[in-house]
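A closer look at the structure
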2 protein chains.
Amino acid sequence: MAANVSPWKNKKTRRRDREVKREAVLRAAADLFNEKGFHSTSIDDVARRLHVTKPTIYHYVENKDDILYQCIRLGVDATRKVVGEVASQKAPAMERLKSAMREHARLAARDFGMCVIRVGESSLPAERRNRIRRLRREVDHLYRALVQEGIDEGSLAPCDPKLASFTIAAAIAWISRWYHADGPLSVDDIADQCVDILMNGLIKRPRSNRRLN
Amino acid sequence: MAANVSPWKNKKTRRRDREVKREAVLRAAADLFNEKGFHSTSIDDVARRLHVTKPTIYHYVENKDDILYQCIRLGVDATRKVVGEVASQKAPAMERLKSAMREHARLAARDFGMCVIRVGESSLPAERRNRIRRLRREVDHLYRALVQEGIDEGSLAPCDPKLASFTIAAAIAWISRWYHADGPLSVDDIADQCVDILMNGLIKRPRSNRRLN
């Protein structure tokens with residue numbers, strides 16, 4: 001027999017509903033920012049894309065700056081989380097570095113990750129801008145530590161981990177800049193090839209020494 | 001006996017003088033754009049830096065947009081010239097690619113080359129913006145051709161030359177973004193390490209297989 005069910009949603013369900021809708025607002029905004037730029041996107045554009053009214057949008061976010069901050073925050077947080085998780089796995093540093101780059105590259109081709117690079121935090125108010133920069137620095141330090149571990153374990157060639165981390169960040173940021181979902185290559189293809197160039201270099205190695213991904 | 005010398009400069013000398021001064025204006029402006037951004041730099045700032053008046057500056061350039069166009073144009077032209085020259089030398093493609101990247105990286109850390117990346121052509125009027133983009137595409141195609149030649153000659157690992165060219169451009173652009181003349185590393189150190197990562201990859205190779213620069 002069916003239980004007596006209240007026609008009102010309970011608190012937990014309501015909170016989850018709200019969260020789902022808030023994320024939909026942010027995702028639509030991130031897509032628009034990435035396509036036509038932050039300054040050329042209005043709250044009206046976001047509302048139109050979601051077939052809702054402008055006041056509905058303001059029910060979930062404060063203003064356009066707030067949307068941008070939330071989008072970038074989600075992008076950097078996801079990156080930091082995935083790189084951090086991979087970095088702390090039990091595996092040779094070289095393998096962890098490869099996985100971290102691949103996962104990071106995948107995020108860089110998606111809404112919030114793309115927003116981090118295409119729009120960036122520079123137009124945010126100082127306090128929020130600095131909070132984002134701190135998080136980005138954390139990602140950088142995770143990479144530096146991984147590179148250093150790889151050098152120490154003897155799998156990576158001696159290099160300046162800071163420069164290596166910048167080069168990795170640069171290559172992945174470029175994916176954010178030019179990736180188009182309707183282009184000929186999938187995100188995974190691009191991520192794999194980018195990681196291959198960074199790990200193995202452009203020079204051809206004898207078969208036995210070339211470690212394939 | 002001294003020849004009878006006119007106290008007026010001849011046409012050729014005057015033209016050269018003008019060129020030297022025009023370039024000094026562009027160089028001062030490029031440095032300011034790179035330091036504090038295009039929008040935060042005024043013609044007054046440029047004049048002040050050169051200890052001249054604003055009308056003097058307008059004797060050499062039309063306006064701020066014109067300055068930006070000339071700066072970016074000089075940066076891209078120099079890059080295209082150096083990459084093109086190296087590409088047409090008689091040497092294995094792999095060696096030419098390495099030299100091209102190294103020279104390109106050096107330019108990327110200097111005034112006009114830095115301006116190409118830090119400021120960019122996006123705020124220029126459409127016609128000039130497109131002219132710059134065409135030139136940048138030419139540089140991209142020089143790299144793609146070099147990578148393809150390297151694959152064909154068997155010195156470079158098979159890869160998508162377009163993706164390789166993007167990764168090269170990304171790594172070099174990053175040098176423009178974060179290089180500071182008073183940092184601990186010289187331009188040459190950075191250029192060499194960046195090229196080494198791109199050519200040899202991060203993975204350690206057995207001594208005999210690792211080709212040093």
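Residues numbered from 1 in each chain as written. Chains lettered and ligands numbered in written order. Predicted model: local features only at pLDDT ≥ 70, side-chain atom pairs only at ≥ 80, totals over all residues. Heavy atoms only, no water.

1. Examining helix α9 (residues 187-200) of chain B
For α9 of chain B, spanning 14 residues, the distance from its first C-alpha to its last is 20 Å, which sits close to the expected 20 Å at 1.5 Å a residue. Of all 14 residues in α9 of chain B, 10 are buried, a share of seventy percent or more. The set of residues buried in α9 of chain B consists of Val 187, Ile 190, Ala 191, Cys 194, Val 195, Asp 196, Ile 197, Leu 198, Met 199 and Asn 200 of chain B. Tucked inside the fold, the buried residues of α9 of chain B contact α8 (161-178) and α9 (187-200) of chain A together with α5 (93-108) and α8 (161-178) of chain B. Backbone geometry just downstream of α9 of chain B places Gly 201 of chain B in the positive-phi region, at approximately 80°. (Helix = DSSP H or I, 4+ residues; strand = E, 2+ residues; numbered from the N terminus. Expected span 1.5 Å × (residues − 1). Buried < 20%, exposed > 50% of the residue type's maximum accessible area, 1.4 Å probe, protein only. Contact = heavy atoms within 4.5 Å.)

2. Points about the interface of chain B and chain A
Listed as interface residues are 36 residues of chain B and, on the opposing side, 36 residues of chain A. Where chain B abuts chain A, roughly 3,500 Å² becomes buried across the two surfaces, and 71% of that area is made up of carbon and sulfur atoms. Broken down residue by residue, the surface that chain B buries against chain A is led by Trp 174, Leu 202 and Ile 203 of chain B, which jointly contribute 22%. Between chain B and chain A we count zero salt bridges in total. For the pair chain B and chain A, the number of links is 12 residue pairs in polar contact (both at pLDDT 80 or more). When contributions to the side of chain B that touches chain A are tallied by element, the ones reaching two or more residues are α5, α8 and α9 of chain B. For the side of chain B that touches chain A, the per-class residue count stands at 23 nonpolar, seven polar and six charged. (Buried area = accessible area lost by both parts, 1.4 Å probe. Salt bridge = Lys/Arg side-chain N within 4 Å of Asp/Glu carboxyl O. Polar contact = N/O pair within 3.5 Å; in protein donor to acceptor, adjacent residues only side chain to side chain. Nonpolar A, V, L, I, M, F, W, Y, C, P; charged D, E, K, R; others polar.)

3. Brief notes about the pattern of salt bridges
Enumeration over the complete set of coordinates arrives at 44 salt bridges over all chains. Residue Arg 128 of chain B is joined to Asp 66 of chain B by a salt bridge in which the shortest nitrogen-to-oxygen separation is 3.2 Å. Here the residue Arg 128 of chain B occupies a position in helix α7 (residues 126-153), and Asp 66 of chain B occupies one in helix α4 (residues 64-87), the gap between them amounting to 62 residues. The exposure class assigned to Asp 66 of chain B is buried, which follows from its relative accessible area of 5%. Via salt bridges that share partners, Arg 73, Asp 77, Arg 80 and Glu 138 of chain A belong to a single interconnected network.

4. Details of the environment of Arg 144 of chain A
All names here are of chain A. Of note, Arg 144 is situated in helix α7 (residues 126-153). Taking the C-alpha atoms as reference points, Arg 144 and Thr 167, separated by 23 residues in sequence, lie 11 Å from one another. Residues contacting Arg 144, with those up to four places away along its chain left out, are Pro 161, Lys 162, Ser 165 and Phe 166.

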